[in-house]
Amino acid sequence: MQGLLAVSRSIDRLSSGIGHFVRWLVLASVLISAGNAVMRKAFNIGSNAYLEVQWYLFSTVFLLGAGYVFLKNAHVRIDFIAGKLSPRVNAWIDIVGIVAVILPLCWMLITLSWPVFHNAWVSGEMSQNAGGLVRWPVLLLMPVGFGLLLLQTASELIKRFAFLSGHLAHAITPEVKAHEVDSHAEGAAA
């Protein structure tokens, strides 16, 4: 189990690094959006490329940030029900949800989105808008984003089983954030 927890910590570091990078993309998106709005309203100058860059950045934030959100346990869940259940029951519910929903969904979306990206790459697909951008970078975000979410999902699955087997003292709950579990796991590994 210690080897799996080491893999989990590596995945968590990757997700954390990507999450911190994505924060800067939010700022870039806001600045581009504001600049684009000022140029349109004040100078009557518009650009489809700037609009598409905004959309690309929004897509990047959501797709690449999903694993980070899962790592930080900030995803949507029904906390008022989870709060009434024991940590062990919540861990089992998470395991069932991960295995029955998240893993198959990620795999399906990676499998379906890869050919779309590949076709855009091979054909050099461009936006239909005048002055628009090439499409393949934003289409690549689908398989990459869901691949990162798949990795983080594997990490979360490892942590749930580690908790159930007694290798982690805390379950991942809204009250116990991922960094608290990480610090315990590092102490246990030492």
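Rules used throughout
Residues numbered from 1 in each chain as written. Predicted model: local features only at pLDDT ≥ 70, side-chain atom pairs only at ≥ 80, totals over all residues. Heavy atoms only, no water. Helix = DSSP H or I, 4+ residues; strand = E, 2+ residues; numbered from the N terminus. Expected span 1.5 Å × (residues − 1). Bend = angle between axes of the 7 residues up to and from the residue. Axes fitted to C-alpha atoms, helices over the stretch in contact; angles between N-to-C directions. Parallel < 35°, antiparallel > 145°, perpendicular 65-115°, else oblique. Left-handed = near helix turned anticlockwise from the far one by under 90°. Nonpolar A, V, L, I, M, F, W, Y, C, P; charged D, E, K, R; others polar. Buried < 20%, exposed > 50% of the residue type's maximum accessible area, 1.4 Å probe, protein only. Contact = heavy atoms within 4.5 Å. Salt bridge = Lys/Arg side-chain N within 4 Å of Asp/Glu carboxyl O. Phe/Tyr/Trp six-rings, centres within 6.5 Å; stacked < 30°, edge-to-face > 60°.

### Things to note about helix 2 (residues 48-71)
Then step 1. Between its terminal C-alpha atoms helix 2 stretches 35 Å, which fits the 34 Å expected from 24 residues at 1.5 Å a residue.
Then step 2. Of all bends in helix 2, the biggest is about 45 degrees, found at Gly65.
Then step 3. A positive backbone phi angle near 55 degrees is found at Asn73, which sits one or two residues after helix 2.

### Quick look at the packing of helix 1 (residues 2-43) against helix 2
Then step 1. At their nearest, the axes of helix 1 and helix 2 sit 8 Å apart, and the two run at 155 degrees to each other. Classed by the angle they form, the pair helix 1 and helix 2 counts as roughly antiparallel. The crossing of helix 1 and helix 2 is left-handed.
Then step 2. Taken together, the residues of the contact of helix 1 with helix 2 sort by class into 15 nonpolar, eleven polar and three charged.

### Points about the side chain of Asn36
Then step 1. As for its placement among the helices and strands, Asn36 is situated in helix 1.
Then step 2. For Asn36, a relative accessible area of 3% translates into the label buried.
Then step 3. If we skip the residues at most four places from it in the chain, Asn36 touches Ser47, Tyr50, Leu51 and Gln54.

### Overview of the pattern of salt bridges
Then step 1. All chains considered together, the criterion is met by four salt bridges.
Then step 2. When the shortest N-O distance is used, the salt bridge between Asp94 and Arg160 registers 3.0 Å. With Asp94 in helix 4 (residues 87-123) and Arg160 in helix 5 (residues 136-164), this residue pair connects regions lying 66 residues apart in the sequence.
Then step 3. Close ionic contact of Arg160 with Glu156 constitutes a salt bridge, the shortest N to O distance being 2.7 Å.

### Some details on unusual backbone geometry
Leaving glycine aside, a negative phi is the common case for residues, and trans is the common case for peptide bonds.
Then step 1. Phi angles above zero are rare outside glycine, and Asn44 is one such case at about 55 degrees.
Then step 2. Topologically, Asn44 is positioned in the loop between helix 1 and helix 2.

### Looking at the packing of aromatic side chains
Then step 1. By the definition in use, this model includes five aromatic pairs.
Then step 2. Aromatic pair Trp92 and Phe161: ring centres 6.2 Å apart, planes at 90 degrees, arrangement edge-to-face. Highlighted residues: Trp92 in helix 4 and Phe161 in helix 5, separated in sequence by 69 residues.
Then step 3. Aromatic side chains Trp114 and Phe117 sit 4.9 Å apart centroid to centroid with 55 degrees between the ring planes, which places their arrangement in the tilted category. Taken as a pair, Trp114 and Phe117 lie in helix 4 at a separation of three residues, close to a single helical turn.
Then step 4. A relative accessible area of 43% means that Trp114 is categorised as partly exposed.
Then step 5. Through a chain of ring-to-ring contacts, the aromatic side chains of Trp114, Phe117, Trp121 and Trp136 assemble into a single cluster.

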